[in-house]
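Each chain, letter by letter, is given below.
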Amino acid sequence: MARTLVIVESPAKARTIEKYLGKGYSVESSIGHIRDLPKSASDIPEKYKGQAWARLGLDVENDFQPLYVVAPDKRQHVAKLRKLAAEADEIILATDDDREGESIAWHLFQELKPKVPVKRMVFHEITKEAIQAAIAHPRQIDTNLVEAQEARRALDRLYGYEVSPVLWKKVAPKLSAGRVQSVATRMLVERERERMRFVSATWWDLLVTGKTGEDQSFPARLTDVGGQRLAGGKDFDPLTGRLREGAAVRLLTEAEAQALTTGLTGQALTVTSAEEKPFTQRPYAPFITSTLQQEGSRKLGFAATRTMRAAQKLYEGGYITYMRTDSTNLSVEAVTAARTQVTQMYGPAFLHPQPRVYAKKAKNAQEAHEAIRPAGSSFRTPDSLRGELGGDEWRLYDLIWKRTVASQMADARGRGLRVRLGGQAQGGETVGLSASGRTIDFPGFLRAYVEGSDDPNAALEDRDTPLPPLKEGERVTAETIRPESHETQPPARYTEASLVQALEAAGIGRPSTYASILGTIQDRGYATKKGQALVPTWTAFATSALLEHHFGKLVDYDFTARMEEDLDDIAGGRASRVPYLRRFYLGDEGQGMALKPLIDRQMGEIDARGIATIHVPRLDGTGIEVRVGRYGPYMQRGEDKANLPEGLVPDELTAETAEDLMSRPSGDRLIGTDEASGHPVVARAGRYGPYVTLGDGNPPVRSASLFPGDDLNTLTMERALRLLSLPRLVGVSEGEEVWAMNGKYGPYLKRGGDSRSLNSHEELFTVGIHEAEALFMQPRFRGRGVAAAPLRTFEIEGRPPILLKSGRFGPYLTDGERNATLRKGEGEDNLTAERALEILEERGKEPKKKAGKAASRKATAKPAAGKAAKPSTRSSAKKPAAKKPAVKKAGAKGTVSKSSTVKTPLTWAELKPHLGVLSEQERQLVTATREQGRKVDEVAPGLGLDVKKAKGMALQASKKLNQAARGD
DNA sequence: CAGTGAGCGAGCTTCCGCTTGACTT
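Just so it is clear, the structure is predicted and the values come from calculations on it, not from any experiment.

(A) Molecular detail of the overall build of chain A. Scanning chain A from N- to C-terminus turns up 30 helices and 34 strands. Counting over 968 residues, chain A shows a buried share of 45%. Surface accessibility of chain A: about 49,300 Å² in total, with carbon and sulfur atoms responsible for 50%.

(B) Highlighting the UniProt feature "site: Interaction with DNA" (unreviewed entry) in chain A. Within this numbering scheme, the UniProt entry marks His33, Arg152, Arg153, Asp156, Tyr161, Trp168, Arg324 and Arg524 as carrying the feature "site: Interaction with DNA" (unreviewed entry). A maximum C-alpha distance of 33.5 Å is found for the annotated residues, which run over 492 residues; spatially they are spread out rather than grouped. Position of Arg152 relative to the elements: it lies in helix H5 (residues 143–170). Residues contacting Arg152, with those up to four places away along its chain left out, are Arg99, Glu100, Arg179, Met563 and Leu567. Examined against the element boundaries, Arg524 turns out to sit in the loop between helix H14 (514–523) and strand S17 (527–530). If near-sequence neighbours (up to four positions away) are discounted, Arg524 is found in contact with Lys174, Leu175, Ser176 and Gln181.

(C) Spatial organisation of the sheet that holds strand S2 (residues 25–29). Spatial strand order, S2-S1-S7-S8: 4 strands in an open sheet with parallel pairing. If you trace the sheet from one side to the other, it starts and ends with S2 and strand S8 (118–120), each paired once. Strand-to-strand twist in this sheet, taken as the mean axis angle between neighbours without regard to direction, amounts to 25°. Relative to S2, strand S1 (residues 4–8) runs parallel, the two being bridged by 5 bridges. Across the sheet, the residue bridging to Thr4 is Tyr25, located in S2.

(D) Representation of the nonpolar core within the structure. Residues Ile320, Leu499, Phe551, Phe584, Met635 and Leu653 are the most contacted members of the largest nonpolar core, which totals 149 residues. Of all the elements, H5 adds the most residues to this core, at 10 residues. The residues touching Phe584, leaving out its near neighbours within four places in the chain, are Leu155, Leu158, Tyr159, Leu554, Phe559, Met593, Ala594 and Leu595. Counting 26 residues, the second largest nonpolar core, distinct from the first, contains Val208, Phe218, Leu252 and Val476.

(E) Fine view of the pattern of salt bridges. One pass over the structure, following the stated rule, counts 56 salt bridges. Of the charged contacts in the structure, one is a salt bridge between Lys211 and Glu479, with a shortest N-O distance of 2.9 Å. Pair noted here: Lys211 is in strand S9 (residues 202–211) and Glu479 is in strand S16 (residues 475–487), with a separation of 268 residues, a long-range link. Judged by its relative accessible area of 23%, Lys211 is partly exposed. A salt bridge links Asp235 to Arg229; the shortest N-O distance between them is 3.2 Å. With a relative accessible area of 7%, Asp235 lands in the buried category. In this structure Arg229 comes out as partly exposed when scored by relative accessible area, which is 40%. In this structure, a network of salt bridges that share partners links the residues Arg55, Glu162, Lys596 and Asp600.

(F) Structural detail: the environment of Ala720. Position of Ala720 among the secondary structure elements: in helix H21 (residues 717–724). Sequence spacing of Ala720 and Ser176 is 544 residues, and the spatial spacing of their C-alpha atoms is 41 Å.

(G) Layout of a negative patch on the surface. A cluster of like negative charges, contributed by Asp454, Asp455, Glu461, Asp462 and Asp464, occupies part of the molecular surface. Along the polypeptide, Asp455 turns up in the loop between strand S15 (430–442) and helix H12 (456–463). Under the relative-accessibility criterion, Asp455 is labelled partly exposed at 39%.

(H) Structural view of the UniProt feature "active site" (unreviewed entry) in chain A. The positions UniProt marks with the feature "active site" (unreviewed entry) are Tyr322. Structurally, the position occupied by Tyr322 is in the loop between helix H9 (304–316) and helix H10 (332–346). With near-sequence residues (within four places) excluded, Tyr322 lies in contact with Tyr315, His369 and Ile372. Within the structure, the side chain of Tyr322 is placed 3.1 Å from the side chain of Arg324, a separation counted as a polar contact.

Conventions used here
Residues numbered from 1 in each chain as written. Chains lettered and ligands numbered in written order. Predicted model: local features only at pLDDT ≥ 70, side-chain atom pairs only at ≥ 80, totals over all residues. Heavy atoms only, no water. Helix = DSSP H or I, 4+ residues; strand = E, 2+ residues; numbered from the N terminus. Buried < 20%, exposed > 50% of the residue type's maximum accessible area, 1.4 Å probe, protein only. Areas by Shrake-Rupley, 256 points an atom, 1.4 Å probe, with all protein chains shown as cover. UniProt positions renumbered as here; feature names shortened; annotations may be inferred. Contact = heavy atoms within 4.5 Å. Pairing = 2+ DSSP bridges. Axes fitted to C-alpha atoms, helices over the stretch in contact; angles between N-to-C directions. Core = buried A, V, L, I, M, F, W, Y, C linked by side-chain atoms within 4.5 Å. Salt bridge = Lys/Arg side-chain N within 4 Å of Asp/Glu carboxyl O. Patch = residues over 30% accessible without salt bridge, like charges linked within 9 Å, V, L, I, M, F, W, Y side chains within 5 Å. Lys, Arg positive; Asp, Glu negative; His and termini not counted. Charge placed at Lys NZ, Arg CZ, Asp CG, Glu CD. Polar contact = N/O pair within 3.5 Å; in protein donor to acceptor, adjacent residues only side chain to side chain.

Structure follows, in structure tokens:
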């Protein structure tokens, strides 16, 4: 019997379709994309590793040829598909009918290399009829559509992997930029900027309770005084808090409001007009991914991921249709099912006369699926599933069911009543009031579904605000009056739901990515959640500013929209991928984005310090600047600095809070006053961790790091003074003083130029001179606490043992010859000797000992740029004594040469007088880095130097300078 | 943003879209 292999994207879909197809067909899934550009170095095949473009996964010099790899976690599955393909007589690629789906089909074809006929089929709803119709009308893979997808993929890779490194250099490491996330971040930042500029205003009005002759009460609001309209919220300029220019309105003060309250109470009012207007309201379209997330958030309080997790479960269980869609379309069977259910549950009066069609396309919609609705040709009611579904899932199903059913229900009908009243206060001032009401005569679809509310019936009552049947000319009494003050509100922050809505409206992002976009911008530290609101961080401000100023086109709100137009041209065969990418990446005679040349240019031009400085309008005139530093955001005014506390959101930073923070910098905690010296003792969080100081000047009289286990917030005075008593003179040995000190690398003893580590911090206080002498008798680096002690040792016959050590960059393996850093997941605990050997063989590298290269790397990797010259001089000075790793066999410990004649690095003050030995360029480089604390990368272009060359020069220069200063 | 010793391995970070499990909290 002939065997046909059908491949769809999702396993749940495969199960359903298999049922419809019957014998002769087996249905499998690709589980999404099966191949992609390599994500990082570990995914790049060995043979391409040396290529300059391998990092991008696109050969940018050769028509942007993509390098596709099957991700490690997909290999097994692809192998399985390959095997099934080999056994089949025919293959049908039935992935989604959109750009990505077409691409998946093409990748399957490429990767499975089938030797049997291959067809492509598409369908938009999973019903027996639709599937059978689709299978009867197969087509071929649309290579233009595949090209469009490849162009999209390449553009996103180039944008992300070329622009992110600019941020690493200019803002902070590990940040990211991308077509979607950068615009999303910018939206948050721009909204927050509006809030930061916002000036609030106050206005008053009166809430009047009117009473008719029949003793019916109703609320009315004061709208006019003396023939002039009262000012309301929209009459104020959000930038100044003042009334908009030319607004012919009356601003009521509190005193006036009080006076009117007294003057109006008990007065008679006349109805001057009463207008009744009928209205109708249509139901909302069935759910698509974005609206489901919005309503999940508004009605159920679910974050986007929670909604999607529940939806996924419902889909897998066969309760709903596919949950990642941008189409509001319902299949015929769905419309029929919904209409049947409306009649059954609400009666025929509630059914819309004709089936409703929701055809309005979202921007850039691909419409490969149906709307999200209950599955099947007759919907199961929420009540019938109560015992079957878990909490989140049931509530979401209920929502989906209501929305779907409501979409086929009748319009809601009602009347709106608007009444105007006039009168006179006792003081003689004429006043105008207005009252409005709303009566729902026929709820229609509102019976099932009210947007934003969890309970349609309760919400219906809320919406019904009837007024007594007031007639023109009727007299009523102003029974009670309450003056009310109002404040204008800044524009609200985005929530997850409203950001998704905004992105979707701009055509940015896809149903499958909305939830993850929110995750990305939070993971990268661009936004935090405060309740429901998404608040951009200071880093987001710096990043957005950089992108806006230097890569403006990339963060245009319609960048994606334009891209989509271009991709449509490619998909339609009117344009091609290669020229498109060339214009974007390389530029074409001044045409196009020309990203690469732009980055090369901007790298030299972007002023990292300027970008890190964030304009806060409310601090204008205070002289205080906000800046994002390597260690978080801080404020600066001249020499004074203060950290910005973590919870402080940007729009809450007023001049007042800023001054307050500046007056007690860095969240310092005053512990008390040292009676002996009279100086204050302050606990601080510093660049190198928590510490205490004696005196609050700069520099303080003395300072000391806290020990591990000490807590900044609970440190007592007694403990602080004890810490500050360090360093401690232990005694005298061999004619030299022995000091117990707490250093960068932990506690140690110092005797002249010699030192030994101590095992614990507390020993700093307890170690005696005899113990100290014993320690100095021993060679260095003995005993525990020494970095060189391996965490584990793997003995393997016939070769040197492999050691697992803990290094600055995490755990790594070494056998003395080669080293290999462990990756995430290669746990230290479950590592076997065999696996250790494998890793070492696979990626072990001989440690680089070529001084020049190693030194220059080190120099640039140092966080403090101003000190960049120090390590380089150190390592070059050490060069003669450098040990060849091969000599250092395991077990040969303790033979460390004592001739390590490392000189203490000279200070800048000591070096400065010798600047004369340098050339002009060298001098400029060295002063810029050491005196102004700038980075070589920044300075180089200004001096007309290539960055690499400048780094080399800086090294040589500081070497020369040290030599000169030491007089050798 | 403080300040002290010498000594241990380089390598990676990052995009958007398509899809589930396999993990842990």
